[in-house]
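Residue-level structure breakdown
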Amino acid sequence: MSPIRQDFLRIWAMEKKEKRIIGITGGVGAGKSTVMELLKEDYGAEIILADLVAHELMEPGTEGLRRVSEALGTGFLKEDGSVDRQALAELLFHNQAARETMNGILHPMVWEEIRKRAADSSRPLVIVEAAVFDTAPAGFFDEIWYVFTDKEVRIRRLMESRGYTREKCESIMAGQDTEEQYKSRCSRILYNNGGKEEIRKQLEEIFIS
């Protein structure tokens, strides 16, 4: 256990605070995974990824997949009954009504599952990463943080780490929320144009100072 985490848990226990639940959001390439990695390593945070929860709720035999299939048909399923992610992505990209229908089914289920996992966690800090928080339960989060990174830095990271072209990076970013939209929903901004130490210092100011 790192000294930072030891201090954090000691102070938390002394102040007798309840479990703290924080949301993390930001655009593609912003480095949210780096922030969550440090929160887990230095502060022992429980990490919950909304996208991963949604995928789990769409596994064969689940209530989520049954309800989505009833609403949208089975054209996006493989022969073994599992989801063909590419086929589903194509359907949702080209059909706004299908996208809204699926979100209407899955979002409440995803947030209910996240709520359960957060409640069951024995850790004093729970981090939930999600692209959209509009359908989250009212009052569920203590804070929502926006990981901000300059556009050119994000593009460079995506080109280096994922092999994307500049055109693909800009196309993905154009479909996401703007900087102003992210900021309007968040209570704190983490700046991530540098490396891990830049984030680590900001986290220390939040939790330790």
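Residues numbered from 1 in each chain as written. Predicted model: local features only at pLDDT ≥ 70, side-chain atom pairs only at ≥ 80, totals over all residues. Heavy atoms only, no water.

Taken together, the five strands give an open sheet; going across it, the order is E2-E3-E1-E4-E5, and neighbouring strands pair in parallel fashion. Sheet topology places strand E2 (46-49) and strand E5 (188-191) at the edges, where each strand pairs with a single neighbour. Ignoring strand direction, the axes of neighbouring strands in this sheet form an average angle of 25 degrees. Relative to E5, helix H10 (residues 196-207) is tilted by about 150 degrees, and along the sheet it contacts strand E1 (20-25), strand E3 (125-129), strand E4 (143-148) and E5. (Pairing = 2+ DSSP bridges. Helix = DSSP H or I, 4+ residues; strand = E, 2+ residues; numbered from the N terminus. Axes fitted to C-alpha atoms, helices over the stretch in contact; angles between N-to-C directions. Contact = heavy atoms within 4.5 Å.)

Time to look at the packing of aromatic side chains. Two aromatic rings are characterised by how far apart their centres lie and by the angle between their planes. Enumeration over the complete set of coordinates arrives at nine aromatic pairs. Ring geometry for Tyr43 and Phe207: centres 4.8 Å apart, planes at 45 degrees, overall tilted. In this pair, Tyr43 is assigned in helix H2 (residues 32-43) and Phe207 in helix H10, connecting sequence segments 164 residues apart. Pair check on accessibility: Tyr43 and Phe207 agree, each one buried. Taken together, a centroid distance of 5.2 Å and an interplanar angle of 85 degrees make the contact between Phe133 and Phe141 edge-to-face. Since its relative accessible area comes to 10%, Phe133 is described here as buried. The class for Phe141 is buried, based on a relative accessible area of 14%. (Phe/Tyr/Trp six-rings, centres within 6.5 Å; stacked < 30°, edge-to-face > 60°. Buried < 20%, exposed > 50% of the residue type's maximum accessible area, 1.4 Å probe, protein only.)

To continue, consider the side chain of Gln202. Inspection of the secondary structure assignment puts Gln202 in helix H10. When its relative accessible area of 15% is taken as the criterion, Gln202 is described as buried. Within the structure, Gln202 has its side chain in polar contact with the backbone oxygen of Glu198 (distance 3.2 Å). If sequence neighbours within four positions are ignored, Gln202 has contacts with Ile189, Leu190 and Tyr191. (Polar contact = N/O pair within 3.5 Å; in protein donor to acceptor, adjacent residues only side chain to side chain.)

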